[in-house]
2 protein chains.
Amino acid sequence: MTAFSFSIAATDGRARTGTIHTPRGQIRTPAFMPVGTAATVKAMLPESVRATGADILLGNTYHLMLRPGAERVAKLGGLHRFMNWNRPILTDSGGFQVMSLSDLRKLTEDGVRFKSHVDGSEHFLSPERSMEIQRLLGSDIVMCFDECPALPATEEQVAQSMRMSMRWAERSREAFGDRPGHALFGIQQGGVTKELRAESAEALRAIGFDGYAIGGLAVGEGQEAMFGVLDYAPGMLPADRPRYLMGVGKPDDIVGAVQRGVDMMDCVLPSRSGRTGQAWTRRGQVNLKNARHADDPRPLDEDCACPACRGYSRAYLHHVYRAGEIIASMLLTWHNLHYFQELMDGLRTAIAAGRLEAFVADFHRLRAEGDIERL
Amino acid sequence: MTAFSFSIAATDGRARTGTIHTPRGQIRTPAFMPVGTAATVKAMLPESVRATGADILLGNTYHLMLRPGAERVAKLGGLHRFMNWNRPILTDSGGFQVMSLSDLRKLTEDGVRFKSHVDGSEHFLSPERSMEIQRLLGSDIVMCFDECPALPATEEQVAQSMRMSMRWAERSREAFGDRPGHALFGIQQGGVTKELRAESAEALRAIGFDGYAIGGLAVGEGQEAMFGVLDYAPGMLPADRPRYLMGVGKPDDIVGAVQRGVDMMDCVLPSRSGRTGQAWTRRGQVNLKNARHADDPRPLDEDCACPACRGYSRAYLHHVYRAGEIIASMLLTWHNLHYFQELMDGLRTAIAAGRLEAFVADFHRLRAEGDIERL
């Protein structure tokens, strides 16, 4: 069994590019992880997700524990086999979504008792149960069970929550045990307060993890506040371990995060946008719902090599979106995932060549010139 | 420009196998045509439809004239380019769906005035306008504009309707003109009355068409009545031209029709079933909604080579269907289209080898032994 490891091939400023090695394959960093909430990246076949350049998917513990159930997935051979994806999978801990989606019953030091949003059934999540579920799913990269306080929250609330998450991190580490080839990541909390971020990072380093996530961002605080934290938070975490910014984000969030030393990200944005007629391109966003596309014979993005741009006009994409056809979600999701992965590839290549600054300048220039809707 | 032609390679009883040659490619017969109603075979990319073995698609004049509009499709380069399918397309005339879907305003000898079911806008269809629309779409096989009376109908109503359809067939032929490489098919009507079918066939032969459809079946009369008509109707049509049974059908309908000399068929069944959790297999139907599949690690059909059967368990298909995931429609539609095309391939091979009877016996035996849900 190959061990889990991380090697940095090049740095450029605070940005890094490298490879995470896992028994199920390599993950090129900086990496963007498409989200496969319910054991599917919505509207995509897994081979198509791979074709966009994804090395790793994210699965949601909260959704999978409720339906189809972790024990069931385990009996069926694990999540990889279940969803027909044999490359690495990272699972979140369920902590974030139990707060945002469930009918929350009770949060204690022990864990969280809640009702399923699917069928109202009662469930319990704790560091120990989250580790068990992620093991049953067969996750390659397991996340500590943490709590992310809802905003707005006072600094005191954020501090209390972070300290409980750090105690939960220790319980997660203990429950995870020793699983060669599988990684456990700690999650830094502390909101937008530098001292709390430092305290959290200290606590995590003392426990020791295979990688470190920056949690509690991209929850409505805005890009400026997020970048403010990212100006110092990655530097508080061990330089030789992957740093994962959870739930980010828009292309310009991704670029800013990579510039600040982030190695991994995930977001539902490219797939969710695809299902609502929104396309992301180097020249900005295109809303295919818009009537101006009805007669437009041009592809979404003339320089894009994805199947949606190679095979179809904006007029077609507009038509199938308006007609409620499934192919609209299929093609636009594919395009968006392709664009996000192409962006990651551009970032990796630029960092390796030591020209990240020029790449980022080009990125912003194209978007500013952009207004692709009217081009 | 290659001419449109039909060559019969072998016959077995009344069944025939051969090839329709068109400038856009060959169509192996007996052929099953997946339906691409609104310029998409629902939940499938066109390259995937092709991968199932489809040589030709059907497009719906009624749907396409309303949205996105025939003139618009023409300006965008025609339906093939619009929907990214460069092989043959057959379009229906709009006659059937204007009766079943529109808010019908007025049917006269001239044509049909109706309101769109999409937006209530007013439209007119006639033999001349139907020919124009199908030309604008760029259809390879154009269908005459006809009327199919709603059931129940008296024999007199069926006769009157058939005779108007024959007058419309003449106007369609006139309006179609001479378009090398494109074919015009006449449509036999006459319900379940042999004399009316004979009269209709005579009228069509007198006009002269590139192929002949058997219309007015599969509209609720039942398989026995349909086979009753198919026992004589194909023989009334020119033996050297393709015979197309419109809107059929279930696998056993298809087998019975091929045995009776039908060369082409179309139906929404495999794609529509796919979106409602129904799978068709050689051993019968599987309802993936059913809770009995929740823990079943076996593929839908162990002998099927489609992506759904090669990559996924029944448990997975059940899960994604129940979770309302788009991939359920994608995989089950793919499976169903694959099975239908495999059935056609089996029929063609059996006819060529002169062993259709044995093939059909096997087909029915497997289904009878079947009950694949419980196997």
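Please read all numbers here as calculations on a predicted model, not as lab measurements.

Visitor: It is not clear to me how the side chain of Asp-263 of chain B should be interpreted in this structure. Could you clarify?
Guide: Residues and elements named next belong to chain B. Mapped onto the elements, Asp-263 comes out in the loop between helix 11 (251-259) and strand 14 (264-267). A polar contact is formed between the side chain of Asp-263 and the side chain of Arg-16, at a distance of 2.8 Å. Not counting the four nearest positions on each side in its chain, Asp-263 is found in contact with Phe-6, Arg-16, Thr-29, Pro-30, Ala-31, Arg-241, Pro-242 and Arg-243.

Visitor: Please clarify how the sheet that holds strand 9 (residues 122-125) of chain A should be interpreted in this entry.
Guide: All names here are of chain A. Here we have three strands laid out as an open sheet, ordered 7-8-9, and antiparallel in their pairing. For this open sheet the edge positions go to strand 7 (103-107) and strand 9, each flanked by a neighbour on one side alone. Shown here is a sheet whose adjacent strand axes are inclined to one another by a mean of 25°, direction ignored. Taken together, the four bridges between strand 7 and strand 8 (residues 112-115) define a ladder with antiparallel strand orientation. Bridging from a neighbouring strand, Leu-104 pairs with Phe-114 of strand 8.

Visitor: Hey, could you run me through the UniProt feature "active site" (unreviewed entry) in chain A in this one?
Guide: Residue and element names in this part refer to chain A. Under the UniProt annotation, the feature "active site" (unreviewed entry) is placed at Asp-92 and Asp-266. Taking the farthest pair of C-alpha atoms as the criterion, the annotated set spanning 175 residues converges on one region, since that pair is 10.5 Å apart. Within the secondary structure, Asp-92 sits in the loop between strand 6 (89-91) and helix 5 (95-100). According to the relative accessible area criterion, Asp-92 is buried, its value standing at 10%. Those residues in contact with Asp-92 that sit more than four places away from it in its chain are Gly-59, Asn-60, Thr-61, Tyr-62, Gln-97, Gln-134 and Met-143. Structurally, Asp-266 is set in strand 14 (residues 264-267). Not counting chain neighbours up to four residues away, the residues in contact with Asp-266 comprise Phe-32, Met-33, Val-35, Leu-58, Tyr-244, Leu-245, Met-246, Gly-247, Val-248 and Gly-249.

Visitor: Can you help me understand the relation of the copies chain B and chain A in this one?
Guide: Two copies of one chain are present, and they are related through a rotation about an axis combined with an axial shift. After a rotation of 180° and a shift along the axis of 0.0 Å, chain B superposes on chain A with an RMSD of 0.0 Å. Put plainly, the chains are arranged around a two-fold axis. Ranked by how close their C-alpha atoms come to the rotation axis, the residues of chain B are headed by Ile-326 of chain B, at 3.7 Å. Interface residue correspondence from chain B to chain A reaches 100%, placing this contact among same-surface, isologous pairings.

Visitor: I'm lost on the packing of aromatic side chains in this one. Help?
Guide: Two numbers describe a pair of aromatic rings. These are the distance of the centres and the angle of the planes. Inspection of every chain in the model, using the stated rule, returns 18 aromatic pairs over all chains. Measuring from ring centre to ring centre gives 6.2 Å for Phe-4 of chain A and Phe-185 of chain A, while their planes differ by 80°; the resulting arrangement is edge-to-face. Placement of the pair is Phe-4 of chain A in the segment before strand 1 (5-12) and Phe-185 of chain A in strand 11 (residues 183-188), with a sequence separation of 181 residues. The pair formed by Phe-4 of chain A and Phe-185 of chain A is uniform in burial state, with each residue classed as buried. A ring pair is formed by Tyr-339 of chain B and Phe-340 of chain B, whose centres lie 6.0 Å apart and whose planes are at 90°; its orientation type is edge-to-face. By relative accessible area, which is 3% here, Tyr-339 of chain B ends up buried. Taken together, Phe-32, Trp-280, Tyr-339 and Phe-340 of chain A form an aromatic cluster joined through their ring pairs. The positively charged end of Arg-260 of chain A is found above the aromatic ring belonging to Phe-227 of chain A, 4.0 Å away from the centroid.

Visitor: What exactly am I supposed to notice about the interface of chain B and chain A here?
Guide: How big an interface is tends to be expressed through the accessible area that disappears when the partners come together. Contacts between the two partners involve 38 residues from chain B, matched on the other side by 38 residues from chain A. Across the chain B to chain A interface the summed buried area is about 3100 Å²; carbon plus sulfur atoms make up 61%. At the junction of chain B with chain A, the criterion picks out four salt bridges. Between Asp-295 of chain B and Arg-72 of chain A there is a salt bridge, and its shortest N-O distance comes to 2.7 Å. Secondary structure elements with two or more residues in the side of chain B that touches chain A: helix 1 (46-51), helix 4 (79-83), helix 14 (314-322) and helix 15 (326-352) of chain B.

Visitor: Quick question: what am I supposed to make of the environment of Met-330 of chain B here?
Guide: Mapped onto the elements, Met-330 of chain B comes out in helix 15. Along the chain, Met-330 of chain B and His-182 of chain B lie 148 residues apart, while their C-alpha atoms are 32 Å from each other.

Visitor: What am I meant to see in the sheet that holds strand 5 (residues 57-59) of chain A here?
Guide: Remark on secondary structure: sheet strands pair via backbone hydrogen bonds, oriented parallel or antiparallel. All names here are of chain A. In space, the eight strands of this open sheet follow the order 4-14-13-12-11-10-6-5, with parallel pairing throughout. Each edge of the sheet is formed by a strand with only one pairing partner; in this case those strands are strand 4 (31-34) and strand 5. Between one strand and the next, the sheet's axes are offset by a mean angle of 25°, whatever the strand orientation. Contacting strand 6, strand 10 (141-143) and strand 11, helix 6 (residues 127-137) crosses the sheet at an angle of about 160° to strand 10. On top of the sheet, helix 7 (residues 155-176) reaches strand 10 and strand 11; it is set at about 175° to strand 11, its chief contact.

Visitor: Can you walk me through the side chain of Asn-336 of chain A in this structure?
Guide: Residues and elements named next belong to chain A. Within the secondary structure, Asn-336 sits in helix 14 (residues 326-353). Of the polar contacts made by the side chain of Asn-336, one reaches the backbone nitrogen of Trp-280; its length is 2.8 Å. Residues contacting Asn-336, with those up to four places away along its chain left out, are Pro-270, Ser-273, Gly-274, Gln-278, Ala-279 and Trp-280.

Visitor: Help me out: how do you make sense of the packing of helix 6 of chain A against helix 7 of chain A in this one?
Guide: Packed helix pairs are specified by the crossing angle of their axes together with the interaxial distance, meaning the distance between the axes. Residue and element names in this part refer to chain A. Between helix 6 and helix 7, the shortest axis-to-axis distance is 8 Å and the interhelical angle comes to 45°. One finds that helix 6 runs oblique with respect to helix 7. Our pair here, helix 6 against helix 7, has a crossing hand that is right-handed. Packed against helix 6, whose contacting residues are Pro-127, Glu-128 and Met-131, the element helix 7 presents Trp-168, Arg-171, Ser-172, Ala-175 and Phe-176 at the interface.

Visitor: Explain the pairing of strand 12 (residues 211-214) of chain A here, please?
Guide: In the case of a regular strand, side chains alternate between the two sheet surfaces. Residues and elements named next belong to chain A. The two faces of strand 12 match: Gly-211 and Ala-213 on one face and Tyr-212 and Ile-214 on the other face are all buried. For strand 11 and strand 12, the ladder comprises four bridges, and the chain directions are parallel. Note on strand 12: the bridge partner recorded for Gln-188 is Ile-214. Handedness of the β-α-β unit built from strand 11, helix 8 (residues 194-207) and strand 12 comes out right-handed. By the bridge criterion, three bridges tie strand 12 to strand 13 (residues 243-245) in an arrangement that is parallel. Of the residues in strand 13, the one forming a bridge with Tyr-212 is Arg-243. Handedness of the crossover joining strand 12 and strand 13 through helix 9 (residues 223-230) is recorded here as right-handed.

Visitor: Would you explain the packing of helix 7 (residues 155-176) of chain B against helix 8 (residues 194-207) of chain B in this entry?
Guide: All names here are of chain B. Running from N to C, helix 7 and helix 8 cross one another at 10°; their axes reach a closest spacing of 10 Å. Between helix 7 and helix 8, the interaxial angle falls into the category roughly parallel. Taking contact as the criterion, the partners of Glu-155, Val-158, Ala-159, Met-162, Arg-163, Met-166, Ala-169, Glu-170 and Arg-173 in helix 7 are, on helix 8, Leu-196, Glu-199, Ser-200, Ala-203, Leu-204 and Ile-207. Looking at side-chain class alone, the contact of helix 7 with helix 8 contains nine nonpolar, one polar and five charged residues.

Visitor: Help me out: how do you make sense of the UniProt feature "binding site: substrate" (unreviewed entry) in chain A in this one?
Guide: All names here are of chain A. Here the UniProt-annotated "binding site: substrate" (unreviewed entry) positions come out as Asp-92, Ser-93, Gly-94, Gly-95, Phe-96, Asp-146, Gln-189 and Gly-216. We classify Gly-94 as buried; its relative accessible area is 0%. Once residues lying within four places of it in the same chain are set aside, the contact partners of Gly-94 are Thr-61, Tyr-62, Leu-125 and Phe-145. Its location among the elements puts Gln-189 in the loop between strand 11 and helix 8. Setting aside residues up to four positions removed in sequence, Gln-189 forms contacts with Asp-146, Glu-147, Cys-148, Met-162, Ser-165, Met-166, Leu-196, Arg-197, Ser-200, Gly-215 and Gly-216. Looking at Gln-189, its side chain comes within polar contact range of the side chain of Asp-146, at 2.8 Å.

The rules behind these values
Residues numbered from 1 in each chain as written. Chains lettered and ligands numbered in written order. Predicted model: local features only at pLDDT ≥ 70, side-chain atom pairs only at ≥ 80, totals over all residues. Heavy atoms only, no water. Helix = DSSP H or I, 4+ residues; strand = E, 2+ residues; numbered from the N terminus. Polar contact = N/O pair within 3.5 Å; in protein donor to acceptor, adjacent residues only side chain to side chain. Contact = heavy atoms within 4.5 Å. Pairing = 2+ DSSP bridges. Axes fitted to C-alpha atoms, helices over the stretch in contact; angles between N-to-C directions. UniProt positions renumbered as here; feature names shortened; annotations may be inferred. Buried < 20%, exposed > 50% of the residue type's maximum accessible area, 1.4 Å probe, protein only. Least-squares fit on C-alpha atoms with pLDDT ≥ 70 in both. Phe/Tyr/Trp six-rings, centres within 6.5 Å; stacked < 30°, edge-to-face > 60°. Lys NZ or Arg CZ within 6 Å of the ring centre and 35° of its normal. Buried area = accessible area lost by both parts, 1.4 Å probe. Salt bridge = Lys/Arg side-chain N within 4 Å of Asp/Glu carboxyl O. Parallel < 35°, antiparallel > 145°, perpendicular 65-115°, else oblique. Left-handed = near helix turned anticlockwise from the far one by under 90°. Right-handed = clockwise from strand over helix to strand, strands pointing away. Nonpolar A, V, L, I, M, F, W, Y, C, P; charged D, E, K, R; others polar.

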